[in-house]
Amino acid sequence: ISEALNITLMDFRTKSDTPHLIVREAKHHSCRIIPLSSECVDIVREYYLASKPKTYLFEGEKKGEIYSETSVRNVFNAALKRENIKMRVRVHDLRHSFATHCLANGMDIYQLSKILGHRSVSTTEKYYAHLNFFQFTIKITSLTINSIAI
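The shown structure was predicted, so the numbers you read here are calculated from the model rather than taken from an experiment. (Residues numbered from 1 in each chain as written. Predicted model: local features only at pLDDT ≥ 70, side-chain atom pairs only at ≥ 80, totals over all residues. Heavy atoms only, no water.)

So, about the packing of aromatic side chains. Applying the stated rule across the entire model yields 1 aromatic pair. Where Tyr-47 meets Phe-58, the ring centres are 5.6 Å apart and the plane angle is 55 degrees; that geometry is what we call tilted. Here the residue Tyr-47 occupies a position in helix 2 (residues 38–51), and Phe-58 occupies one in the loop between helix 2 and helix 3 (69–82), the gap between them amounting to 11 residues. The partly exposed category is assigned to Phe-58, whose relative accessible area is 31%. (Phe/Tyr/Trp six-rings, centres within 6.5 Å; stacked < 30°, edge-to-face > 60°. Helix = DSSP H or I, 4+ residues; strand = E, 2+ residues; numbered from the N terminus. Buried < 20%, exposed > 50% of the residue type's maximum accessible area, 1.4 Å probe, protein only.)

Burial along strand 2 (residues 20–23) is two-sided: His-20 and Ile-22 and Leu-21 and Val-23, pointing in opposite directions, are all buried. Joining the antiparallel neighbours strand 1 (residues 12–13) and strand 2 is a turn of 6 residues. Sheet topology note: the strand 2/strand 3 (residues 32–35) ladder contains 4 bridges and is antiparallel. Across the sheet, the residue bridging to Val-23 is Arg-32, located in strand 3. (Pairing = 2+ DSSP bridges.)

Now for helix 5 (residues 109–116). Within helix 5 the residues assigned to the buried category are Ile-109, Leu-112, Ser-113, Ile-115 and Leu-116. Burial along helix 5 is one-sided: seen end-on, the buried residues are contained in an arc of 165 degrees. Residues Tyr-110 and Lys-114 are exposed on helix 5 and point more than 90 degrees away from its buried face. Here the buried face of helix 5 lies against strand 3, helix 4 (93–104) and helix 6 (121–128). Two or three places before Tyr-110, at the start of helix 5, stands the capping residue Asp-108, its side-chain oxygen 2.8 Å from that residue's backbone nitrogen. Following helix 5 by one or two positions, Gly-117 adopts a phi angle in the positive range, close to 85 degrees. (Arc of directions from axis to C-beta. Contact = heavy atoms within 4.5 Å. Polar contact = N/O pair within 3.5 Å; in protein donor to acceptor, adjacent residues only side chain to side chain.)

It is the contact of helix 4 with helix 5, at a shortest axis distance of 10 Å, that shows an interaxial angle of 155 degrees. Viewed along their axes, helix 4 and helix 5 adopt a mutual orientation that is roughly antiparallel. When you trace helix 4 past helix 5, the crossing you get is right-handed. Here helix 4 contributes Arg-95, Phe-98, Ala-99, Cys-102 and Leu-103 to the contact with helix 5, which in turn contributes Ile-109, Leu-112, Ile-115 and Leu-116. Looking at side-chain class alone, the contact of helix 4 with helix 5 contains 8 nonpolar, no polar and 1 charged residues. (Axes fitted to C-alpha atoms, helices over the stretch in contact; angles between N-to-C directions. Parallel < 35°, antiparallel > 145°, perpendicular 65-115°, else oblique. Left-handed = near helix turned anticlockwise from the far one by under 90°. Nonpolar A, V, L, I, M, F, W, Y, C, P; charged D, E, K, R; others polar.)

Ordered by their spatial adjacency, 3 strands build an open sheet running 1-2-3, and the pairing between neighbours is antiparallel. Looking at the sheet topology across the chains shown, the edges are occupied by strand 1 and strand 3. One ladder, built from 2 bridges, connects strand 1 with strand 2; its direction is antiparallel. Across the sheet, the residue bridging to Arg-13 is His-20, located in strand 2.

Below, the structure written as C-alpha cells:
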C-alpha cells in the first residue's frame with residue numbers, strides 16, 4: 001500500500017515517448033520505472049482532473065497530505081461488503097492478482113520481476129512460477145458458469 005500512497009504527481013512521466021511511473025523509496029530503498037499503457041495514462045489524467053491533488057496522487061482530506069493506509073483498508077473493506085464478497089481478501093491481494101494476470105497474458109517473468117520490485121527473479125518465481133494457466137482458466141470458467149446458474 002505504501003508504494004501506491006507515496007506516488008507524487010512528479011513521479012508520472014506521461015509526455016515522454018514511453019509513458020512511465022517512477023516508484024521511489026520502495027523496498028530496500030530502491031527506485032524503479034514502471035511502463036504505463038495509454039489507457040492507464042487516460043485514467044490517471046481523468047482522476048487528476050476530478051480530484052485535483054496537490055502533491056500526492058492519493059491525498060487525504062487536506063490537500064498535500066498523504067492518504068492513510070487505514071483509509072485505504074477501510075475503503076477496500078467497504079467495497080467488499082457492498083459487493084457481498086465473503087472470502088478473505090486483503091488490499092495486498094490486488095498485487096498478486098495483477099502479477100497473475102500479467103503472467104497469464106504472456107508477460108515475461110523477468111519483466112514482471114522488475115515491475116514488482118523484486119531484487120531477484122527467484123522471488124517472483126517462488127510466488128508465481130507454479131501457476132498452471134490452463135487449469136486456472138478452467139477454474140475461472142467453471143466458477144463463472146456456477147455463478148450464472150445460481
